[in-house]
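Below, each chain spelled out in residue letters.
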Amino acid sequence: MSDLRDLYQEVILDHNRKPRNFRRLEAPTCSLDGHNPLCGDRISLDVTLEDGVIKDIGFAGSGCAISKASASLMTESVKGKRTGEAEALFEAVHQMLLRGPGGQFDPDEVGDLEVLAGVAEYPTRIKCAMLSWHTLNGALHGAHDAVSTETGDESGGS
Amino acid sequence: MTAIDARHATTATQPFDVTRVREDFPILRQLVRGKPLVYLDSAATAQKPQAVIDTLVRYYTTENANVHRGVHYLSQQATDDYEGGRSKVRAFLNAKEDREIIFVRGTTEGINLVAATYGRKNLGPDDEIIMTAMEHHSNIVPWQILCQEQGAKLRVIPMNERGELLMEEYEKLLNPRTKMVSVVHQSNALGTLNPVAEIIRLAHQQGVPVLLDGAQAVPHMVIDVQSLDCDFLTFSGHKLFGPTGIGVLYGKAALLEAMPPYQGGGDMIRSVTFERTTYNDLPYKFEAGTPHIEGSIGLGAAIDYLTALGLEQTAAYEHELLAYGTGRLSEVPGLTIIGTAREKAGVLSFVLENVHPHDIGTILDTEGIAIRTGHHCCQPVMDRFGIPATARASLAFYNTREEIDALVAGLHKVVEVFG
Ligand SMILES: Cc1ncc(COP(=O)(O)O)c(C=O)c1O
């Protein structure tokens, strides 16, 4: 089961069981819904910004272990960061997940989020992991319409 | 021998020999992720027997030509075999005439054809279409589009917790505004077998035609359109162990004749001038353009194969397997079967406590076990049961008890990972 454990690492299972920042915020600066129509994964994301810094972030929704753990990990990793840093992290995670067979990524750029690296081996699950990130990216760029994973570049291969 | 007799011919003589039958399906010999493939996704698409594969190869190797157009030898050959496929479908469904068999791309196109032609012509503002709460999206959306265009309305027969239709509600829904009843025969998401004979009888009392979505039912039971007396029936070749891209719309000749054409083009015309076109006779009126020639021939080969096995025998075997699977799945802690209708076939849809179906699907995949997870194109069914998705194992006659055992072992592994 070694390859399976690459995907379902203990950290991921733990975040799935006990998602962090799993709550709606009272007065967020921006909120956005994300939806993965193929899986039915749904996320509602709230962000409180202060002087370009993510002061607080919370999410609610339902989904598979990968999407829930990815959202939970994301909230931990971007809280307290400047929006520009969060965007750079989005790019790094995107690069890690869509690196393709034998592709490279820089572990330093993703930090703790490296536990998600195994998802890249499961093309049908990449959008599960990307859902929360697309939603955050949309929220930070002032989007109002719900984000769908079917429009991203990981939308193929379902 | 009539079609029905032929289909009964091989039944009840010897027990169903699944080991031998599996040898007819080359794909089942494969290893997937280093493990023997356990294919439990036949409701999505069925695997193809060697006889079908060989037929397609033979067609392209020795016979390929366009149909209905050439005086040359190959064209005649291809036309005969293409039309031969139609005759086989007619016999298989026990339809009266070959011209009642229209080739389409699949179930989806069959329903779209009826909605766009019969529907546009016969439905107006406030007319009603009755369907069930367990329709595939392909039997919802074409009618919704029609409703938007014509101002008609959808009416839905509700179901109980087991996934059985509330027939007394259906009777209440039928009224003088009802212009069409379009229902799924066997639910792909729940496995429920709907009481279609009774649905048809009640609709006909009011003079309302009935379309059956036979995508799941046709591969798994003997269907006789004359004794059922359905007005339309549509199914997909790829779920009947035949090629993708070919499907069938059966319609009663009188209805089809009165319907306007679906698409315009070659083959569907008798004469064309810039002022006016006269349409061709049935079935060609509904088959514009070069058809799916090898699709018809391959579907014919699939029907021959299935007829030789005996559809009653394969259905009985699948039924036993379903009972065995239902029992074994109930041993898995935290598992709930979704869809427990008393009349049911071929489908084991389930959810597992605290585990999302997609995680179940991925873990089983690492064991070489192919199931489907998601909403199965039946979002209203998921909403009815208050779940986002299910995991679904679907059966065909080439599946075995050992494969069910492998599924159960895989599910125990899922529980272990998420426990
Ligand atoms: C009950 C039912 N109806 C309709 C369809 C649509 O069939 P197709 O995609 O072959 O047109 C399916 C297949 O998924 C089905 O299971």
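Look above for the structure.
Source: prediction; values computed, not measured.

Peer 1: Explain the sheet that holds strand E6 (residues 153-157) of chain B here, please?
Peer 2: Neighbouring strands of a sheet are bound in pairs by backbone hydrogen bonds; such pairs are parallel or else antiparallel. Residues and elements named next belong to chain B. The strand order across the open sheet built from seven strands is E4-E10-E9-E8-E7-E5-E6, with neighbouring strands paired in mixed fashion. At either margin of the open sheet sits one strand with a lone partner, and together these are strand E4 (101-104) and E6. Looking at each pair of strands side by side, their axes are set apart by 20 degrees on average, direction ignored. Lying over the sheet, helix H4 (residues 73-93) contacts E4, strand E9 (232-236) and strand E10 (247-251), oriented at roughly 120 degrees with respect to E4.

Peer 1: Explanation requested: the interface of chain A and chain B in the structure shown.
Peer 2: Interfaces are often sized by the accessible area lost when the parts come together. At the junction of the two partners, chain A supplies 18 residues and chain B supplies 14 residues. Between chain A and chain B, a total of about 1,400 Å² is buried, with carbon and sulfur atoms accounting for 59% of that surface. Linking chain A to chain B there are six residue pairs in polar contact (both at pLDDT 80 or more). Put simply, the parts of the chain that give the side of chain A that touches chain B at least two residues each are helix H1 (2-7), helix H2 (10-17) and helix H3 (65-78) of chain A.

Peer 1: Can you help me understand the packing of H3(A) against helix H6 (residues 126-140) of chain A in this one?
Peer 2: Packed helices, taken two at a time, are described by the angle their axes make and the gap between the axes. All names here are of chain A. Where H3 contacts H6, the axes come no closer than 7 Å and their chain directions differ by 40 degrees. On the basis of the axis angle, H3 is oblique to H6. Between H3 and H6 the crossing geometry is right-handed. Seen from H3, the contacting residues are Ile66, Ser67, Ser70, Ala71, Met74, Ser77 and Val78; seen from H6, they are Cys128, Ala129, Ser132, Trp133 and Leu136.

Peer 1: Explain a negative patch on the surface to me, please; I cannot follow it from the model alone.
Peer 2: Side chains of Asp106(A), Asp108(A), Glu109(A) and Glu114(A) sit close together on the surface and give a patch of like negative charge. Relative to the helices and strands, Asp106(A) is located in the loop between helix H4 (83-97) and helix H5 (107-110).

Peer 1: In this structure, what is going on with helix H12 (residues 311-329) of chain B? I would like to understand it.
Peer 2: An α-helix turns once per 3.6 residues; consequently, residues spaced three or four apart project the same way. When the terminal C-alpha atoms of H12(B) are compared, their 26 Å separation across 19 residues agrees well with the 27 Å that a helix rising 1.5 Å per residue should span. Taken as a whole, H12(B) has its buried residues at Leu311(B), Gln313(B), Thr314(B), Tyr317(B), Glu318(B), Leu321(B), Leu322(B), Gly325(B), Arg328(B) and Leu329(B).

Peer 1: What exactly am I supposed to notice about the site of the ligand here?
Peer 2: All names here are of chain B. Neighbouring the ligand are 13 residues, the closest being Thr108, Asp213, Gln216, Ser236 and Lys239. Backbone polar atom of threonine 107 to an oxygen atom of the ligand: 3.4 Å apart, as the coordinates give it. Surface burial for the ligand is 86%, taken as the share of its 390 Å² of free accessible area covered by protein chains. Per-class residue counts for the shell around the ligand are two nonpolar, nine polar and two charged.

Peer 1: Hey, could you run me through the state of the cysteines in this one?
Peer 2: By definition, a disulfide links two cysteine residues through a covalent bond between their sulfur atoms. What the rule picks out here adds up to zero disulfides over all chains. Distance from the sulfur of Cys378(B), which forms no disulfide, to the nearest cysteine sulfur (Cys377(B)) is 6.8 Å.

Peer 1: Would you explain the packing of helix H13 (residues 357-365) of chain B against helix H15 (residues 401-418) of chain B in this entry?
Peer 2: All names here are of chain B. Contact pair H13 / H15: the axes reach a minimum separation of 9 Å and the direction vectors enclose 120 degrees. On the basis of their axis angle, the class for H13 and H15 is oblique. Considering only the axes of H13 and H15, their crossing is right-handed. On H15, the residues that touch Asp359, Ile360, Ile363 and Leu364 of H13 are Leu407, Gly410, Leu411, Val414, Val417 and Phe418.

Procedures and definitions
- Residues numbered from 1 in each chain as written.
- Chains lettered and ligands numbered in written order.
- Predicted model: local features only at pLDDT ≥ 70, side-chain atom pairs only at ≥ 80, totals over all residues.
- Heavy atoms only, no water.
- Pairing = 2+ DSSP bridges.
- Helix = DSSP H or I, 4+ residues; strand = E, 2+ residues; numbered from the N terminus.
- Axes fitted to C-alpha atoms, helices over the stretch in contact; angles between N-to-C directions.
- Contact = heavy atoms within 4.5 Å.
- Buried area = accessible area lost by both parts, 1.4 Å probe.
- Polar contact = N/O pair within 3.5 Å; in protein donor to acceptor, adjacent residues only side chain to side chain.
- Parallel < 35°, antiparallel > 145°, perpendicular 65-115°, else oblique.
- Left-handed = near helix turned anticlockwise from the far one by under 90°.
- Patch = residues over 30% accessible without salt bridge, like charges linked within 9 Å, V, L, I, M, F, W, Y side chains within 5 Å.
- Areas by Shrake-Rupley, 256 points an atom, 1.4 Å probe, with all protein chains shown as cover.
- Salt bridge = Lys/Arg side-chain N within 4 Å of Asp/Glu carboxyl O.
- Lys, Arg positive; Asp, Glu negative; His and termini not counted.
- Charge placed at Lys NZ, Arg CZ, Asp CG, Glu CD.
- Expected span 1.5 Å × (residues − 1).
- Buried < 20%, exposed > 50% of the residue type's maximum accessible area, 1.4 Å probe, protein only.
- Near = heavy atom within 4 Å.
- Nonpolar A, V, L, I, M, F, W, Y, C, P; charged D, E, K, R; others polar.
- Disulfide = S-S within 2.5 Å.

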